[in-house]
Amino acid sequence: QVRVVESGGGLVQPGGSLRLSCAASGGISSVMVMGWYRQPPGAQRELVASITTDGTTNYAESVKGRFTISRDNDRDSVYLQMNSLKPEDTAVYYCNVKGRRLVLTTFDSWGQGTQVTVSS
């Protein structure tokens, strides 16, 4: 069973910054894609940013130029640097990891989420 754990959420003022971290563990052979999703109150979960093993990134239009996703392949970790935060960024942020287990089956695992609140 692959485990995914996020951290770094909290309360921040508009215009502030926050850095989220995510680590995957448990019988992993390789990680193919790691991504951050968010779910605002009363809304559907949506992709924020993703990154592949070779470093290819994908961002939601609403966060381009403000958020940066990065990863440490050796540690099966992914990070989300969030700058110029806006109230509309308020949501529970979830880490998603897709890859292959040591037994060579694929996995698609989610973390428990971390709350990000942007408010003055």
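The structure under discussion appears in the preceding block.
The rules we used
- Residues numbered from 1 in each chain as written.
- Predicted model: local features only at pLDDT ≥ 70, side-chain atom pairs only at ≥ 80, totals over all residues.
- Heavy atoms only, no water.
- Buried < 20%, exposed > 50% of the residue type's maximum accessible area, 1.4 Å probe, protein only.
- Helix = DSSP H or I, 4+ residues; strand = E, 2+ residues; numbered from the N terminus.
- Pairing = 2+ DSSP bridges.
- Axes fitted to C-alpha atoms, helices over the stretch in contact; angles between N-to-C directions.

> Kindly report on the pairing of strand 11 (residues 114-118), identifying the contributing residues and their values.
A regular strand places its side chains on the two faces of the sheet in alternate fashion. Residue alternation in strand 11 divides its side chains into a buried set, Thr114, Val116 and Val118, and an unburied set, Gln115 and Thr117. The pairing of strand 2 (residues 10-12) with strand 11 spans three bridges and is classified as parallel. Opposite Leu11, over in strand 11, you have Thr117 as the bridge partner. Pairing of strand 9 (residues 91-101) with strand 11 involves three bridges; the strand directions are antiparallel. Across the sheet, the residue bridging to Val92 is Gln115, located in strand 11.

> Now, about the sheet that holds strand 8 (residues 77-82): what can you tell me, with residues and values included?
Spatially, four strands are ordered 1-3-8-7 in an open sheet, and the strand pairing comes out antiparallel. Among the strands making up the open sheet, the edge pair consists of strand 1 (3-7) and strand 7 (67-72). Within the sheet, the average angular offset between the axes of one strand and its neighbour, ignoring direction, is 15°.

> Would you mind going over the pairing of strand 7 in detail, with residue names and values included?
Only one face of strand 7 is covered, namely the face carrying Phe67, Ile69 and Arg71; the face carrying Thr68, Ser70 and Asp72 is uncovered. Bridge analysis of strand 7 against strand 8 gives six bridges, and the strand direction is antiparallel. Note that in strand 8 the partner of Ile69 across the bridge is Leu80. Counting the residues that bridge the hairpin from strand 7 to strand 8 gives four residues, and of these Asp76 lies at a positive phi of roughly 50°.

Shape descriptors only; they carry no functional weight alone.
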